Amino acid sequence: QAMTKKPNPSDSILNIAHRGASGYAPEHTIPAYALGQKMRGDYIEIDLQMTKDGHLIAMHDETVDRTTNGTGWVKDMTLAEIKKLDAGSWFNEKYPALANPAYVGLKVPTLEEVIHRFGRNARYYIETKAPEVYPGMEEELLRVLKQTGLINGRGRTNKVIIQSFSQESLLKVHQLNPRIPLVQLLWYETAGTAQITDEEIKNIKRYAVGVGPNYDKIDQAYVSKVRQAGLEIHPYTVNEPSEMKKLIRWGVTGMFTNYPDRLHQVLCEE
Ligand code: G3P
Ligand code: CA
């Protein structure tokens, strides 16, 4: 008698490799993204900054200080200047137990280089960082996505999610192309449990498919409210299996993690 495969509810929970598998390799480098794919991440998470000459690069901070051997603001540097920097040695110095000679001399990748390396079958979860500092960032992002074929001729994509803390930036993307799925990032700082109002949910639903809150301030009621409203919820940045399990019980639809291997393991056990 043929056995029917039991549907696995965790199949649909997205494993988002935060800055790549950045718990193991220098964030936002090709090896970190490659490791994220190898560890079964569903999405490569990319933070964007824009150079003086208008190129989108993968970097979290507005300055190159923390994640390269250089100093200065990305907005004041050309891509040629950025390309002279070493984006891997800092990691070996900071995490000697994880150091790898292959990380020495790694370059800061452009968004185009990342997409060319991982191709149209990979999935990308892209954040517009500091959009107020970079006029034209959204237009350039959409140009790159079209040119690399991640957005088709009809303006559709099933390989890209765009995220931002800036509602203005997301609204701009939405205006330029209403077919791209967007996620509104949220940051809750104060002690106690985060609350989201009906009004906020209604407002976010006008342009986004989901929200991305910091995981440590939300509770089951928060997750239920967002899910009942029909929004996705992808908390960040969840690195401990016990926290991953708790969030899955509460009904999140994905999460950002520096350790996609740990999340994959948790999802396999569900
Ligand atoms: O994009 C989700 C999460 O990464 C937001 O925080 O500072 O790591 O970009 P950050
Ligand atoms: Ca991010």
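Up top is the structure.
Criteria and cut-off values
Residues numbered from 1 in each chain as written. Chains lettered and ligands numbered in written order. Predicted model: local features only at pLDDT ≥ 70, side-chain atom pairs only at ≥ 80, totals over all residues. Heavy atoms only, no water. Phe/Tyr/Trp six-rings, centres within 6.5 Å; stacked < 30°, edge-to-face > 60°. Helix = DSSP H or I, 4+ residues; strand = E, 2+ residues; numbered from the N terminus. Buried < 20%, exposed > 50% of the residue type's maximum accessible area, 1.4 Å probe, protein only. Lys NZ or Arg CZ within 6 Å of the ring centre and 35° of its normal. Near = heavy atom within 4 Å. Polar contact = N/O pair within 3.5 Å; in protein donor to acceptor, adjacent residues only side chain to side chain. Areas by Shrake-Rupley, 256 points an atom, 1.4 Å probe, with all protein chains shown as cover. Nonpolar A, V, L, I, M, F, W, Y, C, P; charged D, E, K, R; others polar.

Student: Explain the packing of aromatic side chains here, please?
Tutor: Within a pair of aromatic rings, the relevant descriptors are the distance that separates the centres and the angle that separates the planes. Throughout the structure, instances matching the rule amount to ten aromatic pairs. Each ring, one from Tyr 24 and one from Tyr 259, has its centre 5.1 Å from the other, and the planes form 85°; the classification is edge-to-face. Here Tyr 259 lies in the loop between strand 9 (254-257) and helix 10 (260-269) and Tyr 24 lies in the loop between strand 1 (14-17) and helix 1 (30-38), a separation of 235 residues in the sequence. The class for Tyr 24 is partly exposed, based on a relative accessible area of 21%. Pairing Trp 90 with Phe 91 gives two aromatic rings, centres 5.8 Å apart and planes at 90°, and the pair type is edge-to-face. For the pair Trp 90 and Phe 91, a shared accessibility class is recorded, and that class is buried. Feature note: the residues Tyr 43, Tyr 125, Phe 165, Tyr 236 and Phe 256 constitute an aromatic cluster, connected by ring pairs. The ring of Phe 118 carries the charged tip of Arg 117 above its face, separated from the ring centre by 4.5 Å. It is Arg 262 that lies over the ring of Tyr 259; its NZ or CZ is 3.6 Å from the centre.

Student: How should I be thinking about the site of ligand 1 in this particular structure?
Tutor: Every residue close to ligand 1 is listed here: His 18, Arg 19, Glu 45, Asp 47, His 60, Glu 127, Lys 129, Gln 163, Phe 165, Leu 185, Tyr 236 and Phe 256. With respect to ligand 1, the side chain of Glu 45 contributes an N or O atom lying 3.0 Å from an oxygen atom. Between ligand 1 and Lys 129 there is a distance of 2.7 Å, counted from an oxygen atom to a side-chain nitrogen or oxygen. For ligand 1, whose free accessible area comes to 290 Å², the fraction covered by protein is 90%. Among the residues making up the shell around ligand 1, the classes are represented as four nonpolar, three polar and five charged.

Student: For this particular structure, what's the right way to read the environment of Glu 240?
Tutor: Among the secondary structure elements, Glu 240 is positioned in the loop between strand 8 (232-233) and helix 9 (241-250). We classify Glu 240 as partly exposed; its relative accessible area is 44%. Along the chain, Glu 240 and Tyr 259 lie 19 residues apart, while their C-alpha atoms are 8.6 Å from each other.

In short, shape yes, function no, at least from these values alone.
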